[in-house]
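Read off the chains here:
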Amino acid sequence: MNRALLTICTAILLLLPTGTIAERIPPVMQSVAPVQHLAEDGLQIHCTASSVEDRIWLTAAHCIDTEEQLFVGGKVAFPYAWDERLDVALLIVPYNSKPPLRMPTKQPLVGQRVFMVGFPIGLGPTLTIGNIANNGIEVPDRGKKQLFSISGCGGNSGSPVVDKDGKLISVLQIGFGYPCSPLLGGITFEDLQDFLGKHLR
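Just so it is clear, the model here is predicted, and its values are computed rather than measured.

Q: So what exactly am I meant to see when it comes to the pattern of salt bridges here?
A: A side chain with one charge can pair with a side chain of the opposite charge if their charged atoms come near. Tallied over the entire structure, the rule returns 2 salt bridges. In this structure, the salt-bridge partner of glutamate 53 is arginine 201, at a minimum N-O distance of 3.3 Å. Note that glutamate 53 is positioned in strand E2 (residues 42–53) and arginine 201 in the segment after helix H4 (189–199), a separation of 148 residues in sequence. Residue classification places glutamate 53 among the buried positions, given a relative accessible area of 12%. Exposure remark for arginine 201: the relative accessible area of 80% places this residue in the exposed category. Note that lysine 164 and aspartate 165 form a salt bridge whose closest N and O atoms lie 3.6 Å from each other.

Q: Got a minute to help me understand unusual backbone geometry in this structure?
A: As a rule of thumb, non-glycine residues mostly have phi less than zero, and peptide bonds are mostly trans rather than cis. For arginine 55, which is not glycine, the phi torsion reads 75 degrees and is therefore positive. Within the element layout of this structure, arginine 55 appears in the loop between E2 and strand E3 (56–59). The exposure class of arginine 55 is partly exposed, given its relative accessible area of 33%. Of note, the phi angle at isoleucine 121 is positive, near 40 degrees, even though the residue is not glycine. The residue isoleucine 121 is located in the loop between strand E7 (113–118) and strand E8 (126–139) in this model.

What counts as what
- Residues numbered from 1 in each chain as written.
- Predicted model: local features only at pLDDT ≥ 70, side-chain atom pairs only at ≥ 80, totals over all residues.
- Heavy atoms only, no water.
- Salt bridge = Lys/Arg side-chain N within 4 Å of Asp/Glu carboxyl O.
- Helix = DSSP H or I, 4+ residues; strand = E, 2+ residues; numbered from the N terminus.
- Buried < 20%, exposed > 50% of the residue type's maximum accessible area, 1.4 Å probe, protein only.

See the structure below:
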């Protein structure tokens, strides 16, 4: 690396605030796990869940709409609470050592940078970056959703969407393309806040 480039890189590093995004987002990746079902060749990933309380995991309701046994990160999981209209659900597992995600006190703003962690097409955990495109718009047959200009694929359903501080602001529920999409929709901040307020301690 030449001296001029080294000087520029050093200057950029000195301008970064303490507690950078790089320090706050990786812990979020420890709070997610795949939602799985048992198939002929073993456990298959079909969604994502995030830890929100001891033994309690948050995902999309359509992820638990199956007669097959569910697993979260390889642990047997059972439905704990759900709302089909809002397409959000909680699963309970026998034990959990993952740090829970928390919601911020204020609603995020349109244009704000957001991050999503999930298991697209069975891979992951994968971190993607985007922005809030709309804080509440009616989607035909799906109700009011928060929209994000962020890329996702099958397997990302239930993925947590977090702000720069790693705070939970939404759960991914729908993509506007197949098999992947650059525009995604999730539960609104207010609906998620109300749902968790009713079912968590």
